[in-house]
Amino acid sequence: MTATGERREATARWAGPVHADLRRSLQAGALIGIALMAGVDEIIFHQVLGWHHFYDRATPAIGLMTDGLLHAAELIALVAGFFLLAELRQRQAFDRARARAAFFLGAGGFQLFDGIVDHKLLRLHQIRYVDNLLPYDIAWNLSALIMLGIGLWLLARARKPQPGL
Amino acid sequence: MEHLHVQHAEHGLGLTLSGVAAIVLMLCLAVAYLRGVRHLRRAGRRWPRARTAAFLTGVGLLAIGASPPLMQAAMADFRLHMLQHLLAGMLAPLGLVLGAPVCLMLRRLPKKLVLRLSGLLHSAWIGFVAHPCIALLLNVGGLYLLYLTPLYDAMHASLVLHGLVHVHIVLAGCLFTWSVLDGPDPVPRRHSMRLRLATVFIAIAAHTLLSKVIYAYGLPGGVHPQEQIEAGAQWMYYGGDVAELLLLIAMFARRKHTPGAGDFFRDAPAAAST
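(A) Spotlight on the overall build of chain B. Tallying secondary structure elements over chain B gives 12 helices and zero strands in all. Going from the N terminus to the C terminus, chain B shows its helices and strands as α-α-α-α-α-α-α-α-α-α-α-α. In chain B, which comprises 274 residues, the share counted as buried stands at 38%.

(B) Quick look at the overall build of chain A. Looking only at helices and strands, chain A features five helices and zero strands. Shown N-terminal to C-terminal, the secondary structure of chain A runs as helices and strands in the order α-α-α-α-α. Long-range contacts, defined as pairs at least 24 residues apart, comprise 88% of the intrachain contacts of chain A with a sequence gap of at least 6.

(C) Structural detail: the interface of chain B and chain A. Taken together, the contacts link 18 residues of chain B with 15 residues of chain A. Of all elements in the fold, only helix H11 (193–217) and helix H12 (226–257) of chain B reach the threshold of two or more residues within the side of chain B that touches chain A. Here the element with the most residues in the side of chain B that touches chain A is H11 of chain B; it accounts for 11 residues. A class-by-class count of the residues in the side of chain B that touches chain A yields 13 nonpolar, two polar and three charged.

(D) Seen up close, the nonpolar core. Counting 101 residues, the largest nonpolar core has Leu31 and Ile34 of chain A together with Leu62, Leu91, Ala92, Leu94 and Ile214 of chain B as its most contacted members. Of the residues forming this core, the biggest block, 13 residues, is contributed by helix H4 (residues 78–98) of chain B. Dropping the residues within four chain positions of it, Ile214 of chain B is found in contact with Tyr147, Leu219, Ile229 and Ala233 of chain B.

(E) A look at helix H5 (residues 101–108) of chain B. Among all positions in H5 of chain B, only Pro101, Cys103 and Leu104 of chain B are buried. Down the axis of H5 of chain B, the buried side of the element spans an arc of 160 degrees, and every buried residue falls inside it.

(F) Highlighting the packing of helix H3 (residues 68–76) of chain B against H4 of chain B. All names here are of chain B. In contact at an axis separation of 6 Å, H3 and H4 are set at 130 degrees when each is read in the N-to-C sense. As far as their axial angle goes, H4 and H3 are oblique. Our pair here, H3 against H4, has a crossing hand that is left-handed. Where H3 abuts H4, its residues Leu70, Ala73 and Ala74 lie against Leu80, His81 and Gln84. Of the residues in the contact of H3 with H4, the class split is four nonpolar, two polar and no charged.

(G) Local environment of the environment of Val242 of chain B. All names here are of chain B. As for its placement among the helices and strands, Val242 is situated in helix H12. Looking at Val242, the number of C-beta atoms within 10 Å reads 12, which means it is exposed. Put simply, Val242 and Leu138 are 104 residues apart on the chain and 21 Å apart in space, counted from C-alpha to C-alpha.

(H) Looking closely at helix H5 (residues 134–159) of chain A. End to end, H5 of chain A covers 37 Å across 26 residues, agreeing with the expected 38 Å (1.5 Å per residue, within 8%). When we look at burial in H5 of chain A, the residues that qualify are Ala144, Met147, Gly151, Leu154 and Ala158 of chain A.

(I) Structural view of unusual backbone geometry. Residue and element names in this part refer to chain B. The backbone phi angle of Ala100 is positive, close to 50 degrees, even though this residue is not glycine. Tracing the chain through its elements places Ala100 in the loop between H4 and H5. The exposure class assigned to Ala100 is buried, which follows from the 26 C-beta atoms found within 10 Å.

(J) Geometry of the packing of H4 of chain B against helix H10 (residues 159–181) of chain B. Residues and elements named next belong to chain B. Here H4 crosses H10 at 40 degrees, and the two axes come no closer than 8 Å. Here H4 lies oblique to H10, going by the angle between them. In the crossing of H4 with H10, the sense of the turn from one axis to the other is right-handed. Together, His85, Ala88, Gly89, Met90, Ala92, Pro93, Leu94, Leu96 and Val97 of H4 and His166, Ile169, Val170, Gly173, Cys174, Thr177, Trp178 and Leu181 of H10 make up the contact between the two elements. Class assignment of the residues belonging to the contact of H4 with H10 gives a composition of 12 nonpolar, five polar and no charged.

The rules we used
- Residues numbered from 1 in each chain as written.
- Chains lettered and ligands numbered in written order.
- Predicted model: local features only at pLDDT ≥ 70, side-chain atom pairs only at ≥ 80, totals over all residues.
- Helix = DSSP H or I, 4+ residues; strand = E, 2+ residues; numbered from the N terminus.
- Buried ≥ 20, exposed ≤ 12 C-beta atoms within 10 Å, placed from the backbone.
- Contact = placed C-beta atoms within 7 Å.
- Nonpolar A, V, L, I, M, F, W, Y, C, P; charged D, E, K, R; others polar.
- Core = buried A, V, L, I, M, F, W, Y, C linked by C-beta atoms within 7 Å.
- Arc of directions from axis to C-beta.
- Axes fitted to C-alpha atoms, helices over the stretch in contact; angles between N-to-C directions.
- Parallel < 35°, antiparallel > 145°, perpendicular 65-115°, else oblique.
- Left-handed = near helix turned anticlockwise from the far one by under 90°.
- Expected span 1.5 Å × (residues − 1).

Encoded structure:
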């Protein structure tokens, strides 16, 4: 067997398609995860529930500026993620298991970042304008940690050699 | 507030006339474009329908933005002013640029004019303003000037200034869109996707920031009531998102199809329809 053949067989024992682009599959999953969580934040918490405020008159100027940069990154992540996904599928290099893991890592990571940096450090806005905010903050960040946990578990599973291949 | 109403009344006729003139100009552009396409088809050359559709959408949106009733109403209502800004500065330019009108002209015009046009496209001046960073400055920088300085107030007092500001918004929007899409009309210099994406990143961030600053601190002068300004700022934020998403989709969709460094007169194959 040639060297290439051996390597190919080794890749096949590894999870996913033979020519899977593992790094880019992870990237695509993470980008879509981040963008989707940002979309949920915008649609559910800002628009549907009306809990978040567009601007709550307590945001410092630096917070507004960072908010702009984050928002720009979210929009680009959304479009870039889906185009990357389409490209990977087109050349049959999409590793579903890794992308799924990265999706949860991206979503959880964004949620945690939003909960700690946006809400608390930059004080862009709060989750809800009530007297006792603590339960909301705990629930928010706990949900982020759960998503991160799922992501890590899926990643570990994706990395394990699949039996029977 | 009172003096503003007097000004509006004086400007009423001028606004209507400039709106009508803009609509006539849009009609002429649409007709010229369609004639160009028909001419090409008759000569047996292909012209993607998506481009025609994009261009017509662009002129249509501009005509809506310039329609006298909207012009009049936008003077008094900041939300409608924002709607105009979204149409004229972001959405219409995307359609116009994706319609590749310069490619069409290059194929249609006599050779002498083609040479002159391509000379113009290669001139140092166009090369300078067509750099994504300069186009960004002209586009979003212009908005910062408009909303954070007394220019917005002054625009309501002078019909000439009002016209100039709107022409600038349309032209700067087209320049920026053309520059970050890297076509489909020939660009003086190609820029990497990375640079163009970075430019759009800054543009979105700056647009978002400006809308929040307007919401938070209001506009200079007292043309509009605060609640109208707040609503208008949110229209700017969310409407801007829609336009920027479309722009990003066009950028990524074109990326695969853009031929490498290249032949100046060769069109980037269509597919750039939104």
